[in-house]
Amino acid sequence: MIKAVMVMNTQGKTRLAKFYEYLSVEKQQELIRGVFAVLCSRAENVSNFIDAESIFGPDSCLVYKHFATLYFVFVFDSSENELAVLDLIQVFVETLDRCFKNVCELDIVFNYSKVHTILDEMIFGGQVVETSSSEIMKAVEEISKLEAASNAITLIPKSASGWRSR
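Since the model is a prediction, treat every value here as computed from it, not as a measurement. Throughout this description, residue numbers start from 1 for each chain and increase along the sequence as written. Note on the predicted model: pLDDT of at least 70 is required for a residue's local features to be given, and 80 or more for side-chain atom pairs to be given and counted; whole-chain, interface and lining totals, by contrast, use all residues. Side-chain figures throughout are based on the complete set of non-hydrogen atoms in the structure, without hydrogens or water.

Asker: Just to check I follow, could you spell out the overall build of the protein for this structure?
Answerer: When you go through the protein residue by residue, the secondary structure sums to 7 helices and 7 strands. Helix and strand definitions here come from DSSP, where helices need a minimum of 4 consecutive H or I residues and strands a minimum of 2 consecutive E residues; each element is numbered from the N-terminal end. Moving toward the C terminus, one meets the helices and strands of the protein in the order β-β-α-β-α-β-β-α-α-α-β-β-α-α. Throughout, the radius of gyration refers to the C-alpha atoms, and the reference size of a globule is 2.2 Å times the residue count to the power 0.38. At 19 Å, the protein has a C-alpha radius of gyration far larger than the 15 Å of a compact globule built from 166 residues. With the C-alpha coordinates of the protein rotated into their principal frame, the extents come out at 75 × 35 × 30 Å. Remark: exposure states derive from per-residue accessible area (1.4 Å probe, protein chains only) relative to the maximum for the residue type, with buried under 20%, exposed over 50%, and partly exposed in between. Residues classed as buried in the protein amount to 39% of the 166 residues present. All accessible-area figures derive from a Shrake-Rupley calculation using a 1.4 Å probe, and residue coverage is judged against the displayed protein chains alone. Summed over all atoms, the accessible surface of the protein reaches about 9600 Å², with 54% contributed by carbon and sulfur. None of His or the chain ends enter the tally, which takes Lys and Arg as positive and Asp and Glu as negative. Here the site of a charge means NZ on Lys, CZ on Arg, CG on Asp, or CD on Glu. The positive charge centre, built from 16 side chains, and the negative charge centre, built from 22, are 12 Å apart in the protein.

Below you can see the structure in the form of structure tokens.
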């Protein structure tokens, strides 16, 4: 099961944090600080797999990938395969790239809801449900169309608004 997904910059500012089990905000912040402390102390040429038992408790692993100024971090338990989670990070970043045309930190900050939609299409309740970037993009585009259509709907029909002026 995926326990958490985090995206943070190299200064430690969290750009996305989603936890799939209930934790208080204080505990979440503590875990994010712990993850960043581990990440910034690691050399560039070491493995992307970290035993996260000291941060997240027993049976926890952490996989991260560093792209430009962002760390993409997934925390999971032993029921998930480490290489599959590393591939899932790659799919997440590829999908963000397809959605935002070469994703950057500002895209994540200013398009928060779209990033969450992409993540929700990939992971639901801590379980991986989709690993195909093209299928995720189809779903996100469909959701965007529905949102645009719902924004175009007016609550009062034009004929009724003329009735009020009588």
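Now that the structure has been shown, we can carry on.
Asker: Looking at this structure, I do not really get a negative patch on the surface. What am I missing?
Answerer: A cluster of acidic residues, Asp51, Glu53, Asp59 and Glu82, forms a negative patch on the protein surface. You can see Asp51 is positioned in strand β3 (residues 49–51). Its relative accessible area of 52% is what places Asp51 among the exposed residues. Like charges are joined within 9 Å and nonpolar side chains (Val, Leu, Ile, Met, Phe, Trp, Tyr) within 5 Å, but only among residues with over 30% relative accessible area and no salt bridge; these make up the patches. Each salt bridge in this description consists of a side-chain nitrogen of Lys or Arg and a carboxyl oxygen of Asp or Glu lying within 4 Å of one another.

Asker: Would you explain helix α3 (residues 82–100) in this entry?
Answerer: Owing to its 3.6 residues per turn, the α-helix brings residues three or four apart onto one side. Expected span of a helix, by definition, is 1.5 Å for each gap between consecutive residues, and there is one gap fewer than residues. With 19 residues, α3 should cover 27 Å at 1.5 Å per step; its first-to-last C-alpha distance of 27 Å lies within 8% of that length. Those residues of α3 that fall on the buried side of the exposure criterion are Val85, Leu86, Leu88, Ile89, Val91, Phe92, Val93, Thr95, Leu96, Cys99 and Phe100. Polar contacts here mean pairs of N or O atoms no more than 3.5 Å apart (in protein, one a potential hydrogen donor and the other a potential acceptor; neighbouring residues in sequence count only if both atoms are side-chain atoms). The residue sitting at the N-terminus of α3 and contributing the capping side-chain oxygen is Asn81; that oxygen lies 2.7 Å from the backbone nitrogen of Leu83.

Asker: I tried to follow the layout of surface pockets on my own but got confused; where do I start?
Answerer: Gaps left between atoms are located by rolling a probe of water-molecule size over the structure's atoms. Of the pockets and cavities examined, the largest pocket occupies roughly 160 Å³. Think of a 1 Å grid over the protein atoms and nothing else: a 1.4 Å probe that fits but is trapped marks a cavity, an open set flanked by protein within 12 Å on at least five of seven lines marks a pocket, and residues with an atom within 4 Å of a point count as lining. Every residue lining the largest pocket is listed: Phe67, Ala68, Thr69, Leu70, Phe72, Val93, Asp97, Asn102, Val103, Cys104 and Glu105. Mapped onto the lining of the largest pocket, the elements with two or more residues apiece are β5 (70–77) and α3. Gly falls in the polar group here, along with every residue not listed as nonpolar (Ala, Val, Leu, Ile, Met, Phe, Trp, Tyr, Cys, Pro) or charged (Asp, Glu, Lys, Arg). Considering only residue class, the lining of the largest pocket consists of 7 nonpolar, 2 polar and 2 charged. Grid points are joined across faces, edges and corners, and a volume is the space filled by probe spheres set on the points.

Asker: What is the right way to look at the sheet that holds β3 in this model?
Answerer: Consider a sheet: its strands pair through backbone hydrogen bonds, and that pairing is either parallel or antiparallel. Pairing between strands is defined by DSSP: at least two bridges between them are needed. On the basis of which strands lie adjacent, the open sheet formed by 5 strands has the order β2-β1-β5-β4-β3 and antiparallel pairing. Because the sheet does not close on itself, it has two edges, and the strands there are β2 (14–19) and β3. Ignoring which end each strand starts from, the neighbouring axes of this sheet average 15° apart. As judged from the 7 bridges shared by strand β1 (residues 2–9) and β5, these two strands associate in the antiparallel manner. By the bridge assignment for β5, Met8 is matched with Tyr71. Fitted lines through C-alpha atoms serve as axes, helices being fitted only where they are in contact, and the angles separating the N-to-C directions of these axes extend from 0 to 180 degrees.

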